[in-house]
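Analysis of the macromolecular model
Each chain is listed here by its residues.
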Amino acid sequence: MTDNASESKPPSRRTVLQGATATGVTAIVGVTATSCAPTTHYTPGAVPTEPVSLGKPSDVPVGGGKIYADQKVVVTQPKSGEFRAFSAICTHHGCLVTKVKKGAIHCPCHDTDFDIADGSVKHGPAKDPLPELKLTIDGDKMTAESK
Ligand code: FES
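Before going into details, it helps to say that this report is about the structure given with it. (Residues numbered from 1 in each chain as written. Predicted model: local features only at pLDDT ≥ 70, side-chain atom pairs only at ≥ 80, totals over all residues. Heavy atoms only, no water.)

Take the pairing of strand β7 (residues 112-115) next. Of the two faces of β7, only the one carrying T112 and F114 is buried; D113 and D115 on the other face are not. With 4 bridges joining them, strand β6 (residues 104-107) and β7 adopt antiparallel strand pairing. Across the sheet, the residue bridging to C107 is T112, located in β7. Between β6 and β7, which follow one another and run antiparallel, lie 4 residues, and D111 among them has a positive phi close to 65°. Pairing geometry for β7 and strand β8 (residues 121-123), over 2 bridges, is antiparallel. (Buried < 20%, exposed > 50% of the residue type's maximum accessible area, 1.4 Å probe, protein only. Helix = DSSP H or I, 4+ residues; strand = E, 2+ residues; numbered from the N terminus. Pairing = 2+ DSSP bridges.)

Shown next, in the form of structure tokens:
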């Protein structure tokens, strides 16, 4: 038997199974990526196109913030009486941020943290800050809109 003859032998059972396993892994990865996209991704860093009404300023903790998921806005209060509003849509791949903790606005998709004071990236992978919004406080009402 020559070397060329051994290359033309039919694949062993083990070779066939390895190929099937590789195909199965590819299929699983495809399903995972597809199932994540429709529920969590918006246009990265999108801002409201019209003014949106939010809750009371007293709902926003000092040194923290509150996420208004329906309006896609996060309001923070880095220091007592200093309020800021940002888009709540991550600038990386467009997930909605979910937590404000330890001075950071957190995106759960790839663990980016944004600073509550200015929306800058404290820890990537996002590179761009959360867009800041114009925040108006009138008594117990807050309104945010794009600048
Ligand atoms: S979408 Fe927010 S970190 Fe990736």
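As summarised here, the arrangement of the 4 strands in space is β5-β6-β7-β8, forming an open sheet in which the pairing is antiparallel. The open sheet has two edge strands with one neighbour each: β5 (99-101) and β8. Between one strand axis and the next, the sheet turns through 35° on average, direction left out of account. (Axes fitted to C-alpha atoms, helices over the stretch in contact; angles between N-to-C directions.)

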